[in-house]
Amino acid sequence: MCNRDLLPVFNAMYKFIAAHYQEAAPLWPTARAEMVAFRGLMLLLRGDWALPWCPLVCLSDASEHGYAVSASLFEPAAVKEIGRVQGRSRFCRLGGHSARAHFFASNGIVMTSAGTFKDAADLGEHDEVAPRTQWGLDRTFKEMAAEIFSGSRWTEIVARGWLNASDILVYESRALLRAVEIVQPVAAGGRACRRHERQPARSAVF
């Protein structure tokens, strides 16, 4: 099954397509960077769901100053229960849109994050499109038990500072990659539960 968690890689690419749908145009640098990033992640596009769950679980996090990865062993049944929860199911769609918003959307007019309306074809590289759908928390979502994160059951594997300045999302992605590198040799032949802050829940390093 295709791993849809990789689709959020594309942001500038969608805006580039909307702006140049009817014509050939050079790729924006931001859109090209997203394509390069997606190419590097393509090995994660598919996974065998028949494989057993790996008992080794990694937890990773990052800040502007550094990152850390910790690990713990769980019963495979517990890893399976947690790993199958879609983190985005914590959120639910709120009420419908106004007639005005529906009219604009039907005519290819989008609202930017600045609150202005633009034709989709006129979007620039740095224009941010406001979300069309409003979301809220699903009060019935079952959160993970707090004892899972008890410090006594986790072993710190690595904790280091950054050598080069970058964006926080880049830092968090690097921390997640380090966790994957740690768990992968153990998880060979099995499915790993790897969740990280700001990352989608499915097969990602909690």
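See the structure above.
Before going into details, it helps to say that this report is about the structure given with it.

Within the chain one finds 5 helices and 8 strands. Counting every position in the chain, which comprises 206 residues, the buried fraction comes to 32%. Carbon and sulfur atoms make up 58% of the accessible area of the chain, which totals about 13400 Å².

Of all 7 residues making up strand β1 (residues 56–62), 5 are buried, and the element is well covered by its neighbours. As consecutive antiparallel partners, β1 and strand β2 (residues 66–73) are separated by 3 residues.

Bringing the pattern of salt bridges into the picture now. Close approach of charged atoms allows side chains of opposite charge to pair. Enumeration according to the criterion identifies 2 salt bridges in this entry. Between Arg90 and Glu143 there is a salt bridge whose closest N-O contact spans 2.8 Å. Of this pair, Arg90 sits in the loop between α3 (76–83) and β3 (91–93) while Glu143 sits in the loop between β6 (135–137) and β7 (155–161), and the two are 53 residues apart along the sequence. Residue Glu143 is classed as partly exposed on the basis of its relative accessible area of 49%. The residue Glu181 makes a salt bridge to Arg178 at a minimum N-O spacing of 3.4 Å.

Let's shift gears to helix α2 (residues 29–41). A rise of 1.5 Å per residue sets the reference length of α2, with its 13 residues, at 18 Å; its end C-alpha atoms lie 19 Å apart and thus fit the reference within 8%. Residues of α2 that are buried: Ala31, Glu34 and Phe38. All buried residues of α2 lie within an arc of 55° about the axis, which places them on one face of the element. Of the residues in α2, the exposed ones pointing more than 90 degrees away from the buried face are Pro29, Arg39 and Gly40. Contacts made by the buried residues of α2 are with α1 (12–19).

With their axes 8 Å apart at the nearest point, α1 and α2 run at an angle of 130° to one another. Between α1 and α2, the interaxial angle falls into the category oblique. Two packed elements cross with a definite hand, and for α1 against α2 that hand is left-handed. Contacts between α1 and α2 involve Ala12, Met13 and Phe16 from the former and Thr30, Ala31, Glu34 and Met35 from the latter. Here the residues of the contact of α1 with α2 are counted per class, giving 5 nonpolar, 1 polar and 1 charged.

Our focus in this paragraph is the nonpolar core. Cys58, Ala62, Tyr67 and Val69 are the most contacted members of the largest nonpolar core, which has 15 residues in total. Counting 9 residues, the second-largest nonpolar core is a separate cluster that includes Phe10, Phe16, Ala31 and Phe38.

Reading the values: rules and limits
- Residues numbered from 1 in each chain as written.
- Predicted model: local features only at pLDDT ≥ 70, side-chain atom pairs only at ≥ 80, totals over all residues.
- Heavy atoms only, no water.
- Helix = DSSP H or I, 4+ residues; strand = E, 2+ residues; numbered from the N terminus.
- Buried < 20%, exposed > 50% of the residue type's maximum accessible area, 1.4 Å probe, protein only.
- Areas by Shrake-Rupley, 256 points an atom, 1.4 Å probe, with all protein chains shown as cover.
- Pairing = 2+ DSSP bridges.
- Salt bridge = Lys/Arg side-chain N within 4 Å of Asp/Glu carboxyl O.
- Expected span 1.5 Å × (residues − 1).
- Arc of directions from axis to C-beta.
- Contact = heavy atoms within 4.5 Å.
- Axes fitted to C-alpha atoms, helices over the stretch in contact; angles between N-to-C directions.
- Parallel < 35°, antiparallel > 145°, perpendicular 65-115°, else oblique.
- Left-handed = near helix turned anticlockwise from the far one by under 90°.
- Nonpolar A, V, L, I, M, F, W, Y, C, P; charged D, E, K, R; others polar.
- Core = buried A, V, L, I, M, F, W, Y, C linked by side-chain atoms within 4.5 Å.

Nothing here speaks to function; it is all geometry.
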